[in-house]
Amino acid sequence: MNATPVIGVLALQGDVREHLIALATADAVARPVRRPEELAEVDGLVIPGGESTTISKLAELFGLMEPLRACVRAGLPVYGTCAGMIMLADKILDPRSGQETIGGIDMIVRRNAFGRQNESFEAAVDVQGVEGDPVEGVFIRAPWVESVGASVEVLAEHEGHIVAVRQGDALATSFHPELTGDHRIHGLFVEMVRAKDARGSL
């Protein structure tokens, strides 16, 4: 078993550098992923925030959309923040024209649900599986989860809205933990990747 998992960050758009730093702090080898051959070399993948329609179009342009879908279907551990959460949704309530998702989590997500850029805010969020004090969530044009299927575990809510979920080896948050210096959620994801590696090596 690989004791230090290699975790990629989809590097098409968004706050890639912050995720790379957070993953490295959480004891992973972190690499940017822009091509299918780079995707094939990682044990897990983070899909960062940014603009979900732009990420969707760039993934198509770079020939990554189908490999991403295939990897997630095959069980590659994946973590999406903000726009990344939208990318992991099986359904978007209000998609832009031509907007595609990777899918992988049985949920319906509403884009920009918490408001526009100038309505961004921070809030303390209690996240199941993260020990200690609440996580400081940075919400920037953040989505929320309208509904989930039976196999999805709700990890956190804010003001009655679902903001963190997990389904098997897929994790998603509405907010940006990579912007706060608190890397416990990245640590949780690294442990998910390690656990998947351990299952695979049995």
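Here the structure is a predicted model, which means the values were calculated and not measured. (Residues numbered from 1 in each chain as written. Predicted model: local features only at pLDDT ≥ 70, side-chain atom pairs only at ≥ 80, totals over all residues. Heavy atoms only, no water.)

**Q** What is the right way to read the pattern of salt bridges from this model?
**A** Pairs can form between side chains of opposite charge once their charged atoms are near each other. Across all of its chains, the model carries 12 salt bridges by this definition. Glu 146 serves as the salt-bridge partner of Arg 110, at 2.7 Å between the closest nitrogen and oxygen. Of this pair, Arg 110 sits in strand E6 (residues 105-110) while Glu 146 sits in strand E9 (residues 144-148), and the two are 36 residues apart along the sequence. With a closest N to O distance of 3.7 Å, Asp 169 and Lys 196 form a salt bridge. Taken together, the residues span a long stretch of sequence, with Asp 169 in the loop between strand E11 (161-167) and strand E12 (170-173) and Lys 196 in helix H6 (residues 184-200) at a distance of 27 residues. Note on Asp 169: relative accessible area 15%, which makes it buried. It is possible to trace a salt-bridge network through shared partners that takes in Arg 35, Glu 37 and Glu 38. (Salt bridge = Lys/Arg side-chain N within 4 Å of Asp/Glu carboxyl O. Helix = DSSP H or I, 4+ residues; strand = E, 2+ residues; numbered from the N terminus. Buried < 20%, exposed > 50% of the residue type's maximum accessible area, 1.4 Å probe, protein only.)

**Q** For this particular structure, what's the right way to read helix H4 (residues 65-73)?
**A** Structural remark: α-helix, 3.6 residues per turn; residues separated by three or four positions point the same way. Among the residues of H4, those classed as buried are Met 65, Leu 68, Arg 69 and Val 72. Along H4, the residues classed as buried sweep out an arc of 95 degrees about the axis, all on the same side. Where H4 is buried, its residues meet strand E1 (6-10), helix H2 (36-39), strand E3 (44-47), helix H3 (52-61), strand E4 (78-81) and helix H5 (83-88). Of the residues one or two after H4, Gly 75 is the one with positive phi, at around 100 degrees. (Arc of directions from axis to C-beta. Contact = heavy atoms within 4.5 Å.)

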